[in-house]
Amino acid sequence: MITIHNQLQQSFLRAIQQAFSDTSIQPALVEITHSTQEKFGHYQCNSAMKLSKILKKNPREVAEAIVSNLNLVEDGQPFIEKCEIAGPGFINISIDTNYLANRTQTILHSAKLGMTESHQHEKVVIDFSSPNTAKEMQVWHLRSTIIGDCLARLFEFLDYDVLRLNHVGDWGTAFGMLIAYLKEEAPGILNGTQQTDLTHLVTWYKQAKKRFDEDAAFKKRSQLEVVAIQSGDASSLHAWEIICDISRRAYQEVYDLLDVHIIERGESFYNPMLADVIADLESKQLITISDGAKCVMMPGFTNREGEILPLIVQKSDGGFNYAATDMAAIRHRVQEEKANRIIYITDAGQSMHFQMVFKAAELAGYLNPDKVAVNHIGFGLVLDAQGKKFKTRSSETERLVDLLHAAINKAKDILIERQVDMSEAELNETAKVLGINAIKYADLSNNRSSDYVFSYDRMLKFEGNTAAFLMYSYVRINGIKRKVGVDIATLKNSVTINLQHPSEIALALQVNQFDETLDVMAKDLFPHRLTEYLFNLAEKFNAFFRDCRVEGDPAQDSRLLLAETVATVLKQGMNILGLKVVDRM
Ligand code: ARG
């Protein structure tokens, strides 16, 4: 079903075209926004001011002409209750209460909450998480994982064909030195007689690096290892597999805790395509040699001195690099995967890299920006209370998974402090949900382009804009349903929603703006749109529950259904954020 916003957009476009007998007036001129204050109504149309300049007419007269040409009824149903012109020519709009009630009813009764559009033939590739093999996952990989999973869930809910890709840094010259080092210092790892974990691997990696810099003979052996892997030498490839496996197990621990599912398609996947990509770029005359390296030079990408920044795709030693792999990846995603949209999620520091890859791909003909949309979603840093880059521990080894466990443990302490009446198993399960939800929500509710301050205390609060507050509202609705004790499924078949009290109407309006919120988020890819929406929904629910009696009131059944719709939207919204709900807390 069409969103209220889009319906208004259409109704006002029609009215404007009629008022000025001009069908060439473009939809872009129609500006519909949410009302800034409840007392002004639900929405407002700000087009009269813009139009008055074009038509050289008084804006209030323009507004009056629009309103008198406006159809208040849509599809035989009263849609707009009233319009009022205010100030220089704002048109304040109130939606018909019955329209809101009926629309709420549709949301309640449909599996997809009234969303009927299908995008199954539109493919969205989302490149996220993407840690680096033989290194610890960094806090920013956590951000990428949480934001990426949320965007993937959004597009999945909107019925797109979504491909979640983990572009793991699993290839490159660094593996040569690690393999050479393990062969000498820990052969048991490579022949399977000794087990280890990522923490040890990272230590060996650091030692290998040190030896590489100090010992020329070791450096030579490492370089030979790189040649061996790249030429497909079985024993070297096996060693590489083992290293990848150890790393993979560590990441998987994080993904399991976060309940994130993603297909691993690391840099190594594109290795067989690299030589061809470079040859192709050469044949298209896009390659310039600079200091022995093969580069793509593009106007518009310059450093501080105003010199053109090269996109290096092959180093002077012949090695292919990160950018070469991304060129192969974008070509593969467009040509083989048939993506309609590709979204990359990394820290904002890589933004220049992606803009250059996008441009180079366009020049090479891999990407037609009119057909395939590419977005780099950059995000800010995670900071500690002192405003410094966040570290999971002060000691040298940082494990992301410890940070998740710490949140879960703190959540458990809070539950114990609140003296919840739960079995040990339920307590642990609830603490896990609460802790992980808190981490995710804290990340998603911050405007992703800014840095955010990581604070266990703040993210685990039960009030304010937190995951626990949303969960609490959800639990509260379930409590009301239990208390009244009527069967919701039966009610759904026999009762229709009827809105009377202003708090009831305000809540229903909010419920009806879920689809609009998702629309906006699918365009600009800002998850905090949804957290803000859900926070407002929970607050409006609390206001409704404060102002409107449910149990025993003549409107009891209708109000229960309204509450049930809120619970459904809350749960679905939280699901898109990657949050779980509990029945009690
Ligand atoms: N592994 C990279 C890093 O940790 C992130 C990869 C992002 N995706 C991509 N296609 N480059 O910095």
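Caption draft 1: Seen up close, the sheet that holds strand 6 (residues 90-95). An order of 1-2-6-5 is seen for the four strands of this open sheet, with the pairing classed as antiparallel. In this open sheet, the two edge strands, each paired with only one partner strand, are strand 1 (32-34) and strand 5 (80-86). Ignoring which end each strand starts from, the neighbouring axes of this sheet average 30 degrees apart. Sheet topology places strand 1 next to strand 2 (residues 43-45); three bridges connect them, and they run antiparallel.

Caption draft 2: Expanded view of the packing of aromatic side chains. For the structure shown, the criterion picks out 16 aromatic pairs. Residues Phe157 and Phe514 carry aromatic rings whose centres are separated by 6.4 Å and whose planes lie at 55 degrees to one another, so their mutual orientation is tilted. Here Phe157, found in helix 5 (residues 139-157), pairs with Phe514, found in helix 20 (residues 514-524); they are 357 residues apart in sequence, far enough to count as distant. Its relative accessible area of 2% is what places Phe514 among the buried residues. The interplanar angle of 90 degrees and the centroid separation of 6.4 Å between the aromatic rings of Tyr181 and Phe218 together place this pair among those described as edge-to-face. In this pair, Tyr181 is assigned in helix 6 (residues 174-185) and Phe218 in helix 9 (residues 216-230), connecting sequence segments 37 residues apart. Since its relative accessible area comes to 6%, Tyr181 is described here as buried. Chaining the aromatic ring pairs together yields one cluster made of Phe157, Phe514 and Tyr533. Its end group placed over the ring of Phe218, Arg211 keeps NZ or CZ at 5.6 Å from the ring centre. Over the aromatic face of Tyr366 sits the side chain of Arg331, whose NZ or CZ is 5.5 Å from the ring centroid.

Caption draft 3: Geometry of the site of the ligand. Every residue lining the ligand is accounted for by Asp127, Ser130, Asn132, Trp140, His141, His167, Tyr322, Asp326, Tyr344, Thr346, Gln350 and Phe354. Taking His141, its side chain carries an N or O atom lying 2.9 Å from an oxygen atom of the ligand. In the environment of the ligand, a nitrogen atom lies 2.8 Å from a nitrogen or oxygen atom belonging to the side chain of Asp326. Its free accessible area being 350 Å², the ligand has 94% of it covered by the protein chains.

Caption draft 4: Representation of the side chain of Glu74. Along the chain, Glu74 turns up in strand 3 (residues 73-74). Within the local environment of Glu74, its side chain forms a polar contact with the side chain of Ser11, the two groups lying 2.9 Å apart. Setting aside residues up to four positions removed in sequence, Glu74 forms contacts with Gln7, Ser11, Arg14 and Phe79.

Caption draft 5: Spatial organisation of the sheet that holds strand 10 (residues 287-290). Spatial strand order, 10-11-12: three strands in an open sheet with antiparallel pairing. Strand pairing shows two members of the sheet lacking a second neighbour, strand 10 and strand 12 (308-314), which therefore form its edges. For this sheet the average axis-to-axis angle between neighbouring strands, irrespective of direction, equals 55 degrees. The pairing of strand 10 with strand 11 (residues 293-302) spans four bridges and is antiparallel. Bridge pairing in strand 11 places Thr288 opposite Cys295. Sheet contacts for helix 13 (residues 351-363): strand 11 and strand 12; angle to strand 11, the most-contacted strand, approximately 105 degrees.

Caption draft 6: Representation of the packing of helix 6 against helix 8 (residues 198-214) in the model. At a closest axis distance of 9 Å, the pairing of helix 6 and helix 8 adopts a crossing angle of 100 degrees. If you check the angle between helix 6 and helix 8, you find them roughly perpendicular. When helix 6 is examined against helix 8, the residues Ala174, Met177, Leu178, Tyr181, Leu182, Glu184 and Glu185 are found in contact with a partner set consisting of Leu201, Trp204, Tyr205, Gln207, Ala208, Lys209, Arg211 and Phe212. Residue composition of the contact of helix 6 with helix 8, by class: ten nonpolar, one polar and four charged.

What counts, and where the lines are drawn
- Residues numbered from 1 in each chain as written.
- Predicted model: local features only at pLDDT ≥ 70, side-chain atom pairs only at ≥ 80, totals over all residues.
- Heavy atoms only, no water.
- Pairing = 2+ DSSP bridges.
- Helix = DSSP H or I, 4+ residues; strand = E, 2+ residues; numbered from the N terminus.
- Axes fitted to C-alpha atoms, helices over the stretch in contact; angles between N-to-C directions.
- Phe/Tyr/Trp six-rings, centres within 6.5 Å; stacked < 30°, edge-to-face > 60°.
- Buried < 20%, exposed > 50% of the residue type's maximum accessible area, 1.4 Å probe, protein only.
- Lys NZ or Arg CZ within 6 Å of the ring centre and 35° of its normal.
- Near = heavy atom within 4 Å.
- Polar contact = N/O pair within 3.5 Å; in protein donor to acceptor, adjacent residues only side chain to side chain.
- Areas by Shrake-Rupley, 256 points an atom, 1.4 Å probe, with all protein chains shown as cover.
- Contact = heavy atoms within 4.5 Å.
- Parallel < 35°, antiparallel > 145°, perpendicular 65-115°, else oblique.
- Nonpolar A, V, L, I, M, F, W, Y, C, P; charged D, E, K, R; others polar.

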